[in-house]
Amino acid sequence: MFKPEVDAEKCIGCGECVDICPTEVYELIDEKSVPVNADECIGCESCIEVCEQEAITVEEI
Ligand code: SF4
Ligand code: SF4
């Protein structure tokens, strides 16, 4: 399993991670990305690559 996390202090709410995630892990809530479906993460790291703020980490657990 994987644990995607967003640093809300770095996130600017651009939505790029929401758009790119193949399993729809993220939703924008109050202009911040939130991994509401974290259990669906497959660890592809596309969200990490697309986030220019380096706000996302994905840990294997
Ligand atoms: S790509 Fe990064 S800055 Fe943009 S919404 Fe996602 S976490 Fe926030
Ligand atoms: S690592 Fe891949 S599957 Fe997991 S949240 Fe990021 S984009 Fe989605």
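Before reading further, recall that the structure is shown in the block above.
Because the structure is predicted, anything quoted here is derived from the model rather than measured.

Asks: What is the right way to read the overall build of the protein chain from this model?
Replies: In terms of regular secondary structure, the protein chain is built from two helices and four strands. Ordered by position from the N terminus, the helices and strands of the protein chain form the series β-α-β-β-α-β. Against the 2.2 N^0.38 benchmark of 10 Å for 61 residues, the protein chain shows a C-alpha radius of gyration of 10 Å, consistent with a compact globule. C-alpha atoms of the protein chain, sized along the principal axes, occupy 25 × 15 × 15 Å. Put simply, the protein chain has 61 residues, and 25% of those count as buried.

Asks: Explanation requested: the site of ligand 1 in the structure shown.
Replies: Near ligand 1 the following residues occur: Val6, Cys11, Ile12, Gly13, Cys14, Gly15, Glu16, Cys17, Ser33, Cys51, Gln53 and Ile56. Tallied by class, the residues present in the shell around ligand 1 amount to seven nonpolar, four polar and one charged.

Asks: What exactly am I supposed to notice about the pattern of salt bridges here?
Replies: If charged atoms from side chains of opposite charge come close, those side chains can pair. Enumeration over the complete set of coordinates arrives at one salt bridge. Residues Glu5 and Lys3 are paired through a salt bridge, measuring 3.8 Å at the closest nitrogen-oxygen approach. Overall, Lys3 belongs to the partly exposed group, its relative accessible area being 37%.

Asks: What is the right way to look at the site of ligand 2 in this model?
Replies: What surrounds ligand 2 is a group of 13 residues, the closest being Cys21, Cys41, Cys44, Glu45 and Cys47. Within the shell around ligand 2, the residues separate by chemical class into nine nonpolar, three polar and one charged.

Asks: Looking at this structure, how should I read the nonpolar core?
Replies: A general trend in soluble globular proteins is that nonpolar side chains are found buried together. If you look at the biggest cluster of nonpolar residues, it comprises 12 residues: Val6, Cys11, Cys17, Cys21, Val25, Tyr26, Cys41, Cys47, Cys51, Ala55, Ile56 and Val58. Discounting chain neighbours no more than four positions away, the residues touching Cys11 are Val6, Glu31, Lys32, Ser33 and Ala55.

The rules we used
- Residues numbered from 1 in each chain as written.
- Chains lettered and ligands numbered in written order.
- Predicted model: local features only at pLDDT ≥ 70, side-chain atom pairs only at ≥ 80, totals over all residues.
- Heavy atoms only, no water.
- Helix = DSSP H or I, 4+ residues; strand = E, 2+ residues; numbered from the N terminus.
- Rg over C-alpha atoms; globule rule 2.2 N^0.38 Å.
- Buried < 20%, exposed > 50% of the residue type's maximum accessible area, 1.4 Å probe, protein only.
- Near = heavy atom within 4 Å.
- Nonpolar A, V, L, I, M, F, W, Y, C, P; charged D, E, K, R; others polar.
- Salt bridge = Lys/Arg side-chain N within 4 Å of Asp/Glu carboxyl O.
- Core = buried A, V, L, I, M, F, W, Y, C linked by side-chain atoms within 4.5 Å.
- Contact = heavy atoms within 4.5 Å.

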